[in-house]
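# Residue-level structural notes
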Number of protein chains: 2
Amino acid sequence: MKIALDAMGGDFAPKAAVDGAVLAAEQLDGQATIVVIGQEEAVRPLLDAHGERARNIEFVPATQVIAMGEHPTKALQQKPDSSIAVGYKLLHGSDVEAFCSAGSTGAMLVGAIFSVKPVPGVMRPAIANLVPKLKGEYGVMVDAGANAECKPEMLEQFAELGSLYAQYVLGIDRPKVGLMNLGEEEGKGTALLQAAYNLLKVNPHIHFIGNIEGRDMFNEKADVIVCDGYTGNVILKLSESFYDIMHEKGIHKDPFFHKFDYEGVGGSPILGINDNVIIGHGVSGPKAICSMLMQGFQMAKSGIADQIKDTFKS
Amino acid sequence: MKIALDAMGGDFAPKAAVDGAVLAAEQLDGQATIVVIGQEEAVRPLLDAHGERARNIEFVPATQVIAMGEHPTKALQQKPDSSIAVGYKLLHGSDVEAFCSAGSTGAMLVGAIFSVKPVPGVMRPAIANLVPKLKGEYGVMVDAGANAECKPEMLEQFAELGSLYAQYVLGIDRPKVGLMNLGEEEGKGTALLQAAYNLLKVNPHIHFIGNIEGRDMFNEKADVIVCDGYTGNVILKLSESFYDIMHEKGIHKDPFFHKFDYEGVGGSPILGINDNVIIGHGVSGPKAICSMLMQGFQMAKSGIADQIKDTFKS
């Protein structure tokens, strides 16, 4: 199995990316190979410096780089030899089983939708985000920001996608699905939320437990938290800021709060596409890159993409 | 000046309410009197037990109580002598300058809208919530849950209401208004957010600084955070749960996180109505009740309701 990494993506690329790739390659030796994609003159010397430790890494050159500020669609069209475009080519050609990047979220999303393509039956792919839980390990929130504007049917699909991820990648049996709302009672919330509630409660593929509230993010009520991408993005960034503030104040050592550390979590998978794609945090250091690659390996190993295809085939 | 309190509202009523009223009455002695409303047989003995300490408290009897689970509109109609209904009567008759309750949020909102009534020109009153800031004291978020479904013009009014509160009650000069979005750039977000952005950027009454993200809740970017009531409610309850978790783990002593303690903050004012109304947290103890009454006093003293009437008159 091969897991690809965009070595040019992220604020500390290519150094942090290469160092993270080496860490993951060592951990995965015998199970998977890391494929590092990037500009030869920048990446090769970094790989060479690791010597024998980089033996489980393959290098694939890409002459161009998509910067964070670039328009995603235009950038992918105008830079067909960028590390992101090359990564998607490898994925499309089944040369690799997963592609990870801490680079432009927009370009990664556009590539996922137009190169890898949504699974037939999926209206809109979504970004999943791991949610630290007080009891147990992690839950998953879908959508974390790919779709600001949602229809009820999209929220229903996010519930299905999140449930499959919770089941096959996180190993949660019969994951509980909660709809993020401003009150627990049925009938609460916007027209979108009310309509989504009605779809979710009769969906046989998921274990819907009803509405949840902001205070239920981290408790055991739901393993899969469903919301539109606007709300999910606000929740994600608010939670990150809490962790950052605690980190600054030096009060983050608690085992629960430690789970917020994205360095140990990896990145955010794009669910509902034909392959395994993970978007990493822009400020990813080597440990975060390594975690993202491990997460890509877990996704590929779990066969989650095929499970999603099977589910949405009917 | 008189500030009224629903002695029957909240999980620990009437004891916590009366004890909180006594604390506030002592602090406000010479500036304002606390009017305590509730069932005579339950409240009188509690007041008497405080003896001379309760001298700055007036008692107004109310024979009925609205429970947390009751339907707000029906309850107010069927219980005209409930503590909440009596409180609104006092407010309507100008017998008191503010009314505070830790009881049913729904009944308090319904009373605010149908008894006190919205200020002419205000489409929908909103719940304001104080936001702890890393630098400085507090900002304000509007709407924190009164209106799940919003129109762009409502978000614009929330910005105006929040700015007036920040200016006249929190004492922030030229408060900065941020629109909660999933990215900073203009054009981000849902159709609602895009339309609201366009209204906010040309509104001469406010100091709009553009979109903010979840990570900006607690930094100095915006003093007034504008969002729909669904998003605001999720943010509020998520933030509360963070504080609760830290509290449980005993790591809440930090001065910044201490600001999250609703006991010191008071409650959530309803903005855009003709009088001063504050809704308290259901689990309010005496200190929280006292803070809510002090907040009611500050609101009344600031003349915020008249400022809002003046602004929306035109």
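None of the values given here were measured: they were computed from a predicted structure. (Residues numbered from 1 in each chain as written. Chains lettered and ligands numbered in written order. Predicted model: local features only at pLDDT ≥ 70, side-chain atom pairs only at ≥ 80, totals over all residues. Heavy atoms only, no water.)

## Here we look at the interface of chain B and chain A
Going by this rule: By definition, residues are in contact when any of their heavy atoms lie within 4.5 Å. Here's the idea: put two parts together, see how much 1.4 Å probe accessible area each one loses, and the total over both is what we call buried area. By definition here, a salt bridge exists when the distance from a side-chain nitrogen of Lys or Arg to a carboxyl oxygen of Asp or Glu is within 4 Å. Distance and chemistry together define a polar contact, namely a pair of N or O atoms within 3.5 Å, with one atom able to donate a hydrogen and the other to accept it when in protein, and with adjacent residues in sequence counting only for side-chain atoms on both sides.
On the chain A side, the residues contacting the 38 residues of chain B number 38 residues. When the buried surface of chain B facing chain A is broken down by residue, B:Leu182, B:Tyr230 and B:Phe242 rank first, second and third, together holding 22% of it. Where chain B touches chain A, the interface holds 2 salt bridges. The residue B:Lys237 makes a salt bridge to A:Glu213 at a minimum N-O spacing of 2.2 Å. Summed over the shared surface of chain B and chain A, the number is 8 residue pairs in polar contact (both at pLDDT 80 or more).

## Regarding the relation of the copies chain B and chain A
Selection criterion: For this overlay, a least-squares fit was computed on C-alpha atoms, restricted to residues scoring pLDDT of at least 70 in both copies.
In screw terms, the move from chain B to chain A is a rotation of 180 degrees and a rise of 0.0 Å along the axis, fitting with an RMSD of 0.0 Å. In the structure described here, the two chain copies are related by an operation that fits a two-fold rotation axis. Using C-alpha coordinates, one finds that chain B approaches the rotation axis most closely at B:Thr231, a distance of 3.1 Å. Looking at chain B, 100% of its interface residues are interface residues in chain A too, so the copies touch through the same face.

## Some remarks on the domain arrangement of chain A
All names here are of chain A. To keep things clear, this is the line we draw: Where each domain begins and ends follows an automated or database-derived domain assignment.
Domain assignment breaks chain A into domain 1 (1–122 + 272–304) and domain 2 (123–263). Spacing between the C-alpha centres of domain 1 and domain 2 amounts to 26 Å. Three residues stand out in domain 1 for area buried against domain 2, namely Val122, His281 and Ile304, and they jointly supply 32% of the buried area on that side. Inspection of the domain 1/domain 2 interface yields 0 salt bridges. The tally of links between domain 1 and domain 2 comes to 3 residue pairs in polar contact (both at pLDDT 80 or more).

## Quick notes on the sheet that holds strand 4 (residues 98–101) of chain A
Residue and element names in this part refer to chain A. The line we're drawing: Strands are labelled as partners when DSSP assigns at least two bridges between them. Only DSSP runs of H or I reaching four residues or more are called helices, and only runs of E reaching two or more are called strands; each is numbered from the N terminus. To get an axis, fit a line to the C-alpha atoms, keeping to the stretch in contact for a helix; angles then go from 0 to 180 degrees between the N-to-C directions.
The strand order 3-2-1-4-11-10-5-6-9-7-8 describes an open sheet built from 11 strands, whose pairing is mixed. The open sheet has two edge strands with one neighbour each: strand 3 (57–61) and strand 8 (207–212). Strand-to-strand twist in this sheet, taken as the mean axis angle between neighbours without regard to direction, amounts to 25 degrees. In this structure, strand 2 (residues 33–38) lies alongside strand 3, joined through 5 bridges in parallel fashion. Paired with Val36 across the strands is Phe59, a residue of strand 3. This element, helix 4 (residues 83–92), spans strand 1 (2–6), strand 2, strand 3, strand 4, strand 10 (268–271) and strand 11 (276–279) of the sheet and lies at about 165 degrees to strand 4.

## Re the pattern of salt bridges
Residues and elements named next belong to chain B. Going by this rule: Each residue's exposure class comes from its accessible area (1.4 Å probe, protein chains only) as a fraction of the maximum for that residue type: buried when under 20%, exposed when over 50%, partly exposed otherwise.
In total, this model carries 28 salt bridges over all chains according to the counting rule given. Ionic pairing is found between Glu52 and Arg55, a salt bridge with its closest N-O pair at 3.8 Å. Its relative accessible area of 56% is what places Glu52 among the exposed residues. Given the relative accessible area of 53%, Arg55 is considered exposed. Between Glu186 and Lys201 there is a salt bridge; the shortest N-O distance is 2.6 Å.

## With respect to the packing of aromatic side chains
All names here are of chain A. Here is the rule we go by: Between 30 and 60 degrees the pair is tilted, below 30 it is stacked and above 60 it is edge-to-face, where a pair is any two Phe, Tyr or Trp rings, Trp via its six-membered ring, whose centres lie within 6.5 Å.
Per the stated rule, a full pass over the model turns up 9 aromatic pairs over all chains. With 5.3 Å between their ring centres and 80 degrees between their planes, Tyr88 and Phe99 make a pair best called edge-to-face. You can see Tyr88 sitting in helix 4 and its partner Phe99 sitting in strand 4, a full 11 residues away along the chain. Residue classification places Tyr88 among the buried residues on the basis of a relative accessible area of 2%.

## Observations concerning the environment of A:Ser83
All names here are of chain A. Mapped onto the elements, Ser83 comes out in helix 4. On the basis of relative accessibility, which here comes to 1%, the residue Ser83 falls in the buried class. Taking C-alpha positions, Ser83 is 7.5 Å from Thr63, a pair spaced 20 residues apart along the chain. The contacts of Ser83, once residues within four sequence positions are left out, are Asp6, Met8, Ile37, Gly38, Ala62, Gln64 and Phe99. Engagement of the side chain of Ser83 in a polar contact is seen with the side chain of Asp6, the distance being 2.6 Å.

## Remarks on the pairing of strand 1 of chain A
All names here are of chain A. Short version of the rule: When the strands point away from the viewer and the connection leading from the first strand across the helix to the second strand turns clockwise, the crossover is called right-handed.
Summarising burial for strand 1: 4 of the 5 residues are buried, a large majority. Here strand 1 pairs with strand 2 via 5 bridges, running parallel. The residue bridging Leu5 from the neighbouring strand is Val36, located in strand 2. With helix 1 (residues 15–27) bridging strand 1 and its parallel neighbour strand 2, the resulting β-α-β unit is right-handed.

## Some words on the environment of B:Ile279
All names here are of chain B. Here Ile279 shows up in strand 11 (residues 276–279). C-alpha of Ile279 to C-alpha of Gly106: the two residues are 173 residues apart in sequence and 9.7 Å apart in space. Those residues in contact with Ile279, other than ones at most four positions away along the chain, are Ser101, Thr105, Met108, Leu109, Ile127, Gly267, Ser268, Ile270 and Met292.

## Considering the packing of helix 4 of chain A against helix 5 (residues 105–116) of chain A
All names here are of chain A. Put simply, the test is: Crossing chirality is assigned from the near helix's rotation relative to the far helix, an anticlockwise turn below a right angle marking it left-handed and a clockwise turn marking it right-handed. Each residue is assigned to one class: nonpolar for Ala, Val, Leu, Ile, Met, Phe, Trp, Tyr, Cys and Pro, charged for Asp, Glu, Lys and Arg, and polar for all the others, Gly among them.
It is at 10 Å that the axes of helix 4 and helix 5 come closest, and there the two elements cross at 35 degrees. Two packed elements cross with a definite hand, and for helix 4 against helix 5 that hand is right-handed. Contact with helix 4, carried on its side by Ile84, Tyr88, Leu91 and His92, involves Ala107, Met108, Gly111, Ala112, Ser115 and Val116 of helix 5 and no other residues of that element. Broken down by class, the residue content of the contact of helix 4 with helix 5 amounts to 7 nonpolar, 3 polar and no charged.

## Describing the sheet that holds strand 7 (residues 176–180) of chain B
Residue and element names in this part refer to chain B. What the 11 strands build is an open sheet, ordered 3-2-1-4-11-10-5-6-9-7-8; its pairing is mixed. Both edges of this open sheet fall to strand 3 (57–61) and strand 8 (207–212), since each of them pairs with a single strand only. Strand-to-strand twist of the sheet, defined as the mean angle between neighbouring strand axes without regard to direction, takes the value 25 degrees. Against the sheet, helix 1 (residues 15–28) touches strand 1 (2–6), strand 2 (33–38) and strand 3, its axis set at about 165 degrees to strand 2.

## Here we look at the nonpolar core
Nonpolar side chains in soluble globular proteins tend to be buried together. Worth spelling out the cut-off: The definition of a nonpolar core used throughout is a set of buried Ala, Val, Leu, Ile, Met, Phe, Trp, Tyr and Cys residues joined through side-chain atoms within 4.5 Å.
The biggest cluster of nonpolar side chains holds 233 residues, and the ones touching the most others in it are A:Ile34, A:Tyr88, B:Ile34 and B:Tyr88. Those residues in contact with A:Tyr88, other than ones at most four positions away along the chain, are A:Phe99, A:Ala107, A:Met108, A:Gly111, A:Ala112, A:Ser115, A:Val116, A:Ile270 and A:Val277.

## Things to note about the pairing of strand 8 of chain A
Residues and elements named next belong to chain A. With 5 bridges joining them, strand 7 (residues 176–180) and strand 8 adopt parallel strand pairing. Across the sheet, Gly178 pairs through a bridge with Gly210, a residue of strand 8. Once you follow strand 7 into helix 7 (residues 191–201) and on to strand 8, the crossover reads as right-handed.

## Here's the deal with the side chain of B:Glu213
By the element assignment, B:Glu213 lies in the loop between strand 8 and strand 9 (224–226). Those residues in contact with B:Glu213 that lie beyond four places of it in its chain are A:Lys237, B:Met180, B:Asn181, B:Leu182, B:Gly183 and B:Glu184.

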